[in-house]
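Residue-level structural notes
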Amino acid sequence: DAANRLKAAFAQLQSTVNIPPRTQPTETERGAPRARPYSYSCLAAMGCATLAFQLLLAHIAGLGGSASGGGAEAKRPPSRIPPPSRLPVRLRLVQSEAVSRTRDTSTCVSLDWWPAEKCDYGSCPWTNSSLLTADLSDPLLGSAIAALAPLHLRVGGSLADQVSFALSREDGCPPFAVDVTRRIGFTGGCLRLSRWLEVLSFCERLGCGVLFSVNALRGRTRDECQPVDTPCRLLKKDARPPCCSSYSGAWDSSNLLALLRATAAAGKRPSGLALGNELAGDAGIEAHLSAAEYARDLLSLRREVDALWPTKPPLLLAPDTAFDAEWAKLFLSQLRAASKEGGGGGGGGGG
């Protein structure tokens, strides 16, 4: 059903904005900047909802933030993303019984944090396409969400554990800054309360639930590399020193709790909260948190969330990382032990 809804949504979008089918670029086009460097051929395929949504955001940005066109198109380098490889697959279909059932809300698309300076493979697709800059009033974007609804909007991504929350106009709100000494490539980043409430209202209006990745590294200190300008972002995995992703100290949840309290006070509620982005064990990217500290912090967040929304608290999603069987086994063991002891640690008090 999700695949059919995605196909129908794409058909509607294609008829609305006349999105061209995938074509091979000419020799002239290969060397020239193009405002719409992406192929839309995958949008109608099963499992492409998140990619479809991101390509749509890039398309809107290329139109100058409006479904009707207008204004000069943003110029970006041509895409050099290689085509996906093909692997032979053998399927065996058993139609006598259902192995599992997928809920209607299983469709999920993503609003990521990446700023315009994020470039890969010669392409810089994030101009006016991120959580902080996407035009949520654009009718094309709204039509896409409404066509796919009910669904979840995942708000987060790799930079989630760098982001602070500004609750008033007087609060400082530093932008993302390129920093190759960081494993993730950026420092800073800030979400204002007004923008956060705008995202929640956007989903309330169109029928999507918000799944929000929260900063799980605030309060922790990264080990200092020697030399201090070690380019952690640029080094290959086997050449990257442990200091690039080694953190110590306790989680400070005070800034997050201030945002959640303001959210509840405004009568809003996210559908779910994910504790950090790929921080667990050896599979982590920016950090490698132990099972014990992750379990402790998750329980701390659970108590705070239950207190703010006692009748229908948001789901907690954890661990948001690649699966590591040994870490997961230890995590579940620590979670059970900490639950019996009443949890503890990690959280922070006031704003």
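Residues numbered from 1 in each chain as written. Predicted model: local features only at pLDDT ≥ 70, side-chain atom pairs only at ≥ 80, totals over all residues. Heavy atoms only, no water.

1. Observations concerning the nonpolar core
Core analysis: the largest hydrophobic core is formed by 60 residues, its most contacted members being Trp-113, Leu-153 and Phe-212. When neighbours within four sequence positions are excluded, Phe-212 is seen to be in contact with Trp-113, Val-155, Phe-165, Leu-191, Trp-196, Leu-259, Gly-272, Leu-273 and Ala-274. (Core = buried A, V, L, I, M, F, W, Y, C linked by side-chain atoms within 4.5 Å. Buried < 20%, exposed > 50% of the residue type's maximum accessible area, 1.4 Å probe, protein only. Contact = heavy atoms within 4.5 Å.)

2. Some thoughts on the state of the cysteines
The final tally for this structure, using the stated rule, is five disulfides. The disulfide partner of Cys-173 is Cys-190, and the S-S distance across this bridge is 2.0 Å. Judged by the torsion about the S-S bond (-100°), the Cys-173/Cys-190 disulfide is left-handed. One end of the pair, Cys-173, is in the loop between strand 3 (164-166) and strand 4 (176-178); the other, Cys-190, is in strand 6 (residues 190-192), and 17 residues separate them in sequence. Using a relative accessible area of 6% as the deciding quantity, one classes Cys-190 as buried. Between the sulfur atoms of Cys-232 and its disulfide mate Cys-244 the distance is 2.0 Å. Looking along the S-S bond of the Cys-232-Cys-244 disulfide, the torsion reads about -75°, which is the left-handed sense. Taken together, the residues Cys-232 in the loop between strand 8 (221-222) and strand 9 (247-248) and Cys-244 in the loop between strand 8 and strand 9 connect sequence positions twelve residues apart. For the pair Cys-232 and Cys-244, a shared accessibility class is recorded, and that class is buried. (Disulfide = S-S within 2.5 Å. Helix = DSSP H or I, 4+ residues; strand = E, 2+ residues; numbered from the N terminus.)

3. Focus on unusual backbone geometry
Leave glycine aside and you will find that most residues have negative phi; peptide bonds, for their part, are mostly trans. Backbone torsion omega between Ala-149 and Pro-150 reads 0°, so that peptide bond is classified as cis. Looking at the element boundaries, Pro-150 is found in the loop between helix 4 (139-148) and strand 2 (151-155). Cis rather than trans, the peptide bond between Gln-226 and Pro-227 has omega equal to 0°. For Pro-227, the position within the fold is in the loop between strand 8 and strand 9. Residue Tyr-121 is not a glycine yet carries a positive backbone phi of 55°. By the secondary structure assignment, Tyr-121 is in the loop between strand 1 (108-111) and helix 4. Of note in this structure, Asn-128 is not a glycine but carries a positive phi near 55°. Mapping Asn-128 onto the fold places it in the loop between strand 1 and helix 4.

4. Description of the packing of aromatic side chains
Going through the model one piece at a time under the given rule, you end up with seven aromatic pairs. Look at Trp-113 and Phe-176: their rings are 6.3 Å apart centre to centre, the planes differ by 70°, and that puts the pair in the edge-to-face class. Here Phe-176 lies in strand 4 and Trp-113 lies in the loop between strand 1 and helix 4, a separation of 63 residues in the sequence. In this structure, Trp-113 and Phe-176 share a single accessibility class: buried. Taking 6.0 Å as the distance between ring centres and 50° as the angle between the ring planes, the aromatic pair formed by Phe-165 and Phe-212 counts as tilted. One end of the pair, Phe-165, is in strand 3; the other, Phe-212, is in strand 7 (residues 208-214), with 47 residues separating them in the sequence. (Phe/Tyr/Trp six-rings, centres within 6.5 Å; stacked < 30°, edge-to-face > 60°.)

5. What about the pattern of salt bridges?
Here the structure, examined in full by the defined rule, presents eight salt bridges. A salt bridge links Lys-268 to Glu-204, with the nearest nitrogen and oxygen atoms 3.0 Å apart. With Lys-268 in the loop between helix 6 (254-265) and strand 10 (272-275) and Glu-204 in helix 5 (residues 193-206), this residue pair connects regions lying 64 residues apart in the sequence. Its relative accessible area of 15% is what places Lys-268 among the buried residues. In this structure, the salt-bridge partner of Arg-296 is Asp-297, at a minimum N-O distance of 3.7 Å. Salt bridges sharing common partners tie together Arg-220, Glu-293, Arg-296 and Asp-297. (Salt bridge = Lys/Arg side-chain N within 4 Å of Asp/Glu carboxyl O.)

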